[in-house]
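Read off the chains here:
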Number of protein chains: 2
Amino acid sequence: MSVTAAQGFVAAGAACGVKASGALDLAIVATADGRPVPAAATFTRNKAAAAPVQVCRAHLAHTDGHAAAVVLNSGNANAATGADGREHATRMASTTASALGCDTEHVLVCSTGLIGIPLPIDRIDKAIPDLAASAMHRSSNSGDAARAIMTTDTADKQVVIARDGFTVGGMAKGAAMLAPDMATMLAVLTTDALVDPVVLQTALAAAVAGSFNRLSVDGCTSTNDTVILLASGRAGRVDPAALADAVFDACLSLAKQMAADAEGATKVVTVTVEGARTNDEARQAARKVAESQLTKCSWYGQDPYWGRVASDLGTAGVEFDIDRLSVRYGGVEVCRGGVAVAHDEAALASHMAGRAIELTADLGLGTGVDWILTNDLTHAYVDENMGTS
Amino acid sequence: MSVTAAQGFVAAGAACGVKASGALDLAIVATADGRPVPAAATFTRNKAAAAPVQVCRAHLAHTDGHAAAVVLNSGNANAATGADGREHATRMASTTASALGCDTEHVLVCSTGLIGIPLPIDRIDKAIPDLAASAMHRSSNSGDAARAIMTTDTADKQVVIARDGFTVGGMAKGAAMLAPDMATMLAVLTTDALVDPVVLQTALAAAVAGSFNRLSVDGCTSTNDTVILLASGRAGRVDPAALADAVFDACLSLAKQMAADAEGATKVVTVTVEGARTNDEARQAARKVAESQLTKCSWYGQDPYWGRVASDLGTAGVEFDIDRLSVRYGGVEVCRGGVAVAHDEAALASHMAGRAIELTADLGLGTGVDWILTNDLTHAYVDENMGTS
């Protein structure tokens, strides 16, 4: 169900030969009648944004935030591909539009895979009409679509949030530490709520900030990151706050599924900073710890080496006084007032041995708090990212 | 010779039991007559600066930039050790001062090793008088001192720059990717030039900016980083520009020795960014690439995956237009105008297989240029940093 759980949407997946393995690599999510509906989106802030991101931005600006479909391929990011890449992304949209009977500008495009390699557009172009037909005829479904956007993911990521009178569904790709060889993440969400594009965009932006943007695998922002939300309106008007809440829950579920799909990682770590001067400083500090190569290695070794955390916090660019610092792993306080404190070694070792590690640093300066979800740095991460082949 | 090559300095190393292995772990560099001379220093900018860094700053402020000796220990960083740590660092200085017959404020202190563990001050305190005596009586030497500050280093780092009429010598610890379990780096330099403290500080700050600060292993700034330069004046007045040049050469040699001592790394990589809007933007962009976990893994795999470099540059926070980007590995251009270009595959593979990799990214926007020296991210790095034991 997922991306077709909300009323008024169809989806399909197919294999068109971008992936040499023959696995599913082409997906579509469309309105059931091929007509445009309000659409919101957030994109990577990378200045090397890929061709499909550039095309999406242009289309949404042109349509004032409306779309009838999203067409997605995996296996090639169509990034660092110049003018040819932009033409290829536009062709994906125009071929999809022809199949659905809508305008090219009402089709959004996503790609994920290797950077700097020309997109095999002919294979994609040829497969799109059948893909669109199978979506419209329900001969393929949202499960196929979710699988068709996977790269190094070991499992598809889908979510359905059913609320009083409306539904939000979605699918995503992105596999924690395995992902970065590819564009880090894509997500497509749908809802049947009746909502203006501006309200939809506000809800999506807040949800992304609180979910996907709290997931930091290695600090690398990809060329293709895209989150799209389409609203069919079939369920009628809803309370904007209720919609925002459901969109947030859907995004957070998908983000957590990404963190959990960590074949290259052995730990899912929540880094919480509290007692910061502001929430923004708390997040900045949590991100610094989450992205520290040294600290990530220590988690892999199940080593509660809080001295590295103190060192990370001291260079996070936020107000910091080590004499006020306390650090807890799980419920076990290992540092208070900036120095080591006696603690239950067995309880600490047990927490560090688990798959989920909870690290909390209290800066002792104010009421600011925030958290980041991340992983450990492992041999498998290095293996996954040593080469493109 | 190294740190005693310039006239007027003595040095010694000893084993006092901080390292369980029994290896050398205590060093001293002092003026031959125990009297203070102009001293310059640069320190970590980490807000969790270790106790010895705090003591050094206070002493140099108190003496207006003069010192008679530096006492250093390895095996314990005396960082995140609170008020006790500050008292221990001060005690190292006062015991050394008693042995040399100078003021406590004329002794500088460095420590390197694990963070957050109380310093075994009694062992250090007990060993200092004999250490000072062996320096004064030349029964130990600069080689012992250089070995006594090693942590995960596989070789000691020493340098002598002999110029017309004066000499600069130095020693350092810091072993590229192996170092970060420990405080990242320490260096002590000496010269016999006669120079005012302000001129000395200016020369050292410029040299550090152009050498040690161009070395980025993993983006982590340690709690203990310290570079100290003492000037005995025995060689008389020298041209300040000539001194600055010699100090720079000495620091660059030590920085390169650190990069080369990369047991955990298989590559020494020079990342050069040219064609940036400014030199500062070039350095910022080079640092972003040098600290990218993804790109570092690709070097380990000998993979010239320039798409990741483009993605790194797009998030470096500098002016960037991918359509103007070209990328070279060695002399082989792999990307021009933001897209892949045909190139000599054999020459490229040969360059990537070597120990030294030269990556150059031309942003095509201006005349700004700078470079950063770094390493690849390897299994051995993960091994070295998984645990403290």
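Now for a quick tour of the structure. (Residues numbered from 1 in each chain as written. Chains lettered and ligands numbered in written order. Predicted model: local features only at pLDDT ≥ 70, side-chain atom pairs only at ≥ 80, totals over all residues. Heavy atoms only, no water.)

Overview of helix α3 (residues 121-136) of chain B
Residues and elements named next belong to chain B.
Okay, step 1: For α3, spanning 16 residues, the distance from its first C-alpha to its last is 23 Å, which sits close to the expected 22 Å at 1.5 Å a residue.
Okay, step 2: Of all the bends in α3, the largest measures some 35° and sits at isoleucine 128, one to four residues before the proline proline 129.
Okay, step 3: Ile121, Ile124, Asp125, Ala127, Ile128, Leu131, Ala132, Ser134 and Ala135 are the residues of α3 that are buried.
Okay, step 4: Of the surrounding elements, those touching the buried residues of α3 are β1 (9-14), β2 (26-31), β5 (69-76) and α2 (82-100).
Okay, step 5: Count one or two residues on from α3 and you reach arginine 138, which has phi positive near 55°. (Helix = DSSP H or I, 4+ residues; strand = E, 2+ residues; numbered from the N terminus. Expected span 1.5 Å × (residues − 1). Bend = angle between axes of the 7 residues up to and from the residue. Buried < 20%, exposed > 50% of the residue type's maximum accessible area, 1.4 Å probe, protein only. Contact = heavy atoms within 4.5 Å.)

Focus: the relation of the copies chain A and chain B
Okay, step 1: Rotating chain A by 180° and translating it 0.0 Å along the rotation axis places it on chain B, where the RMSD comes to 0.0 Å. In the structure described here, the two chain copies are related by an operation that fits a two-fold rotation axis. When C-alpha distances to the rotation axis are compared across chain A, the minimum falls at His379(A), with a value of 2.8 Å.
Okay, step 2: Both copies contact each other with a shared surface, as 100% of the interface residues of chain A are interface residues in chain B too. (Least-squares fit on C-alpha atoms with pLDDT ≥ 70 in both.)

A look at the sheet that holds strand β13 (residues 332-336) of chain A
Think of a sheet as strands paired side by side through backbone hydrogen bonds, with each pair either parallel or antiparallel.
Residue and element names in this part refer to chain A.
Okay, step 1: Spatial ordering of the open sheet is given by β14-β13-β12-β15-β11-β16, a layout of six strands whose pairing is mixed. Each edge of the sheet is formed by a strand with only one pairing partner; in this case those strands are β14 (339-340) and β16 (368-375).
Okay, step 2: Two elements, strand β11 (residues 268-276) and β16, share seven bridges in a ladder whose sense is antiparallel. Residue threonine 270 lies in a different strand from β16, and its bridge partner there is leucine 373.
Okay, step 3: Strands in contact with helix α10 (residues 345-353) are β12 (326-329), β13 and β15 (356-362); relative to β15, the strand with the most contacts, it is inclined by about 120°. (Pairing = 2+ DSSP bridges. Axes fitted to C-alpha atoms, helices over the stretch in contact; angles between N-to-C directions.)

Regarding the side chain of Ser298(B)
Okay, step 1: Mapped onto the secondary structure, Ser298(B) falls in helix α8 (residues 293-300).
Okay, step 2: Taking relative accessible area as the criterion, Ser298(B) reaches 0% and is therefore assigned buried.

A few points about the environment of Ala23(B)
Okay, step 1: With respect to the helices and strands, Ala23(B) occurs in the loop between β1 and β2.
Okay, step 2: In sequence terms Ala23(B) and Ala148(B) are 125 residues apart; their C-alpha atoms lie 7.6 Å from each other.

Focus: the sheet that holds strand β3 (residues 37-43) of chain B
All names here are of chain B.
Okay, step 1: Spatial ordering of the open sheet is given by β4-β3-β10-β9-β8-β7, a layout of six strands whose pairing is mixed. Looking at the sheet topology across the chains shown, the edges are occupied by β4 (66-67) and β7 (157-163).
Okay, step 2: Pairing analysis gives five bridges linking β3 to strand β10 (residues 226-237), with the strands arranged antiparallel. By the bridge assignment for β10, alanine 40 is matched with leucine 229.
Okay, step 3: Most of the contacts of helix α1 (residues 51-63) go to β3, to which it runs at about 140°, and overall it touches β3, β4 and β10.
Okay, step 4: Against the sheet, helix α5 (residues 197-210) contacts β3, β4, β9 (186-194) and β10, and its axis sits at roughly 30° relative to β3.

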